[in-house]
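Geometric and topological summary
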Amino acid sequence: MTTTSTTSNAPSIQGNRNSALWLATLGFFGGFAGVAIFGPLVPKFLAILHLVPWEAGVLAGIPNLTGSLLRIPFGAWVDRDGGRRPFLTLLLITIVGIAGLLVLIHNAYPNHMAGLFPVLLLLGACIGCGIATFSVGIAQTSYWYPRGQQGGPLGTYAGLGNTAPGLSSWLLPLAVVSFSMLVAYGLWFAVLIIITVIYALGIHDAPYFQLRRQGIAVDRNQLAALGQDLVPTGSVLGGLRLAAQTPTTWALVYLYFVSFGGFLALTAWLPTFWHSVYAATLPEGGLLTLTFSLLTALVRVPGGLLSDRLSIRFALTGNLLLIGLGTLLVAMTHTFGVSLAGTVLIAIGMGLQNAIVFKLLPHYVPHAVGGASGWVGGLGALNGFILPPLLGGIAGAVGAPMGYARAFLAITILVVLGLLVVGWLTRWRWQTVLVSGAPDRDASSSTIAR
């Protein structure tokens, strides 16, 4: 789609939806690696800084704090200016954070780290800005595609981009063992700079934003001819306000809180779990975390494609039950194989759930996709920061090593509440259709109402 116009009076549209999808995915992949910045190495920092379990959880989850909260305003920023500016702003802050971490490692690690725990938290907060690129890329990609064709592209974007934490959790410890911590982070620093440059040179915003920058009045028919049928609010606060006024936004926030926030939390926490319960080495813990993280991410791709074709009325419930069963297996056993099987079930459930939530977003909040993307992506991902300290606190209260396993029951409780949310969401959809007297517009698009 899209070409440069050959008529002098016609608007000029640069780029196309496919290049926008792949460049956004590449940028998100680079920024999202920040979720694994401390998780795989928490066992090292645990000893050097003499951290208690809840402090280890805070350190593992700190990138998720800024990475979650900043998704809200930056996702909504897309409604005003398109995705390029907010995306690049987040990547540049991430680069600054990594540069600071390199300076700290060079000057203080490992013998002079005493008292530097707050500095590590600050740098983790900066690095976590790269995680916030998710909501920007979701809205940026969504505006390039018609509503009926969103599932596949968004599943591809999120699924492939979500492989970054798993690969980082595996490769970072290997690089530390093979070379040094300074070299390991230095390599990631160089890769992120290259990704940022490629994104900056190649990305173009959706037609609406290009036309507006050219001073051309934009109407829906003109956008439809260019393949875009979603019109942004044009205001950051307006997009957030409109999305916040829609009840289903908050149902989707919670469902994403369980699945994607849980994914972030476990990607950061699993290295500590495997080390504490089964005495896994740093590379072994990284490989096990890679298994979980990659599976969660890759399942999201077919999950997004299937959501364009299959009824998902019962899919949300099924996904939550998979997550719940997996957490029970991990929590109630001290057998490695059973725990591994439990994490696999959790990964599948979370991956499928993540794909479905953002497939539903353009249908339930079509008037403020950017704002809704910010709320869902931001508050949903916030569980990535909340859950690790909670898991650490439970582990400390119950006692090692089984306290680390019992802590998974906290996720089980979240799943039970999620089942109630799914029931409400289903009833809300049917009531909306009955009150309006109109056919369910989304029935052919596989929404929960089917």
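Note that the structure is predicted; figures quoted are calculated from it, not measured. (Residues numbered from 1 in each chain as written. Predicted model: local features only at pLDDT ≥ 70, side-chain atom pairs only at ≥ 80, totals over all residues. Heavy atoms only, no water.)

Regarding the overall build of the protein chain
In terms of helices and strands, the protein chain carries 21 helices and zero strands. For the protein chain, the proportion of contacts with a sequence separation of at least 24, taken over those separated by at least 6, is 83%. (Helix = DSSP H or I, 4+ residues; strand = E, 2+ residues; numbered from the N terminus. Contact = heavy atoms within 4.5 Å.)

Notes on the nonpolar core
Core analysis: the biggest nonpolar cluster contains 131 residues, and Tyr185 and Phe273 have the highest contact counts within it. The element best represented in this core is helix 14 (residues 247-278), accounting for 18 residues. Filtering out sequence-adjacent residues up to four positions away, Phe273 remains in contact with Tyr278, Val330, Ser339, Tyr404, Ala405 and Phe408. (Core = buried A, V, L, I, M, F, W, Y, C linked by side-chain atoms within 4.5 Å. Buried < 20%, exposed > 50% of the residue type's maximum accessible area, 1.4 Å probe, protein only.)

Here's the deal with the packing of helix 7 (residues 133-142) against helix 8 (residues 151-161)
Close contact between helix 7 and helix 8 brings their axes to 10 Å; oriented N to C, the two are set at 155°. Classified by the angle between their axes, helix 7 and helix 8 sit roughly antiparallel to one another. Considering the relative orientation of helix 7 and helix 8, their crossing is right-handed. For the pair formed by helix 7 and helix 8, the contact residues are Thr133, Phe134, Gly137, Ile138, Thr141 and Ser142 on the first element and Pro153, Leu154, Tyr157 and Ala158 on the second. Of the residues in the contact of helix 7 with helix 8, the class split is six nonpolar, four polar and no charged. (Axes fitted to C-alpha atoms, helices over the stretch in contact; angles between N-to-C directions. Parallel < 35°, antiparallel > 145°, perpendicular 65-115°, else oblique. Left-handed = near helix turned anticlockwise from the far one by under 90°. Nonpolar A, V, L, I, M, F, W, Y, C, P; charged D, E, K, R; others polar.)

Focus: the pattern of salt bridges
In a structure, side chains of opposite charge can pair up when their charged atoms sit close to one another. On inspection of all chains with the given rule, the structure shows three salt bridges. With its nearest N and O atoms 3.1 Å apart, the salt bridge here joins Arg80 to Asp81. For Arg80, a relative accessible area of 38% gives the class partly exposed. For Asp205, the salt bridge identified is with Arg213, shortest N-O distance 2.8 Å. Judged by its relative accessible area of 5%, Asp205 falls in the buried class. (Salt bridge = Lys/Arg side-chain N within 4 Å of Asp/Glu carboxyl O.)

Considerations on the packing of aromatic side chains
Summed over all chains, the structure comprises 25 aromatic pairs. Judged by centre distance (6.3 Å) and plane angle (80°), the rings of Phe45 and Tyr109 are edge-to-face. Of the two residues, Phe45 sits in helix 2 (residues 42-48) while Tyr109 sits in the loop between helix 5 (84-108) and helix 6 (117-127), which places them 64 residues apart along the sequence. These aromatic residues form a ring-pair network of at least three members: Phe28, Phe32, Phe134, Tyr157, Tyr256, Phe260, Phe263 and Phe292. Above the ring of Tyr145, the side-chain terminus of Arg17 is found at 5.1 Å from the ring centroid. (Phe/Tyr/Trp six-rings, centres within 6.5 Å; stacked < 30°, edge-to-face > 60°. Lys NZ or Arg CZ within 6 Å of the ring centre and 35° of its normal.)

Points about the packing of helix 1 (residues 17-32) against helix 7
The interhelical angle for the contact between helix 1 and helix 7, taken along N-to-C directions, is 175°, at an axis separation of 10 Å. For the element pair helix 1 / helix 7, the angle class is roughly antiparallel. Of the residues in helix 7, those in contact with Leu21, Ala24, Gly27 and Phe28 of helix 1 are Thr133, Phe134, Gln140 and Thr141. Along the lines of polarity and charge, the residues of the contact of helix 1 with helix 7 split into four nonpolar, four polar and no charged.

A word on helix 3 (residues 53-69)
Taking 1.5 Å as the rise per residue, helix 3 with 17 residues should run 24 Å; its terminal C-alpha atoms sit 24 Å apart, in good agreement. At Gly61, helix 3 shows its largest bend, some 50°, and a proline, Pro63, comes one to four positions later. Most of helix 3 is tucked away: 13 of the 17 residues are buried. (Expected span 1.5 Å × (residues − 1). Bend = angle between axes of the 7 residues up to and from the residue.)

Some details on the state of the cysteines
Applying the stated rule across the entire model yields zero disulfides. Looking at the unpaired Cys126, the closest cysteine sulfur is the one in Cys129, lying at 6.0 Å. For Cys129, a relative accessible area of 5% corresponds to the buried category. (Disulfide = S-S within 2.5 Å.)

Comments concerning a nonpolar patch on the surface
Taken together, Trp22, Leu160 and Leu298 make up a surface patch of nonpolar side chains, about 280 Å² in accessible area. If you trace the backbone, Trp22 turns up in helix 1. (Patch = residues over 30% accessible without salt bridge, like charges linked within 9 Å, V, L, I, M, F, W, Y side chains within 5 Å. Areas by Shrake-Rupley, 256 points an atom, 1.4 Å probe, with all protein chains shown as cover.)

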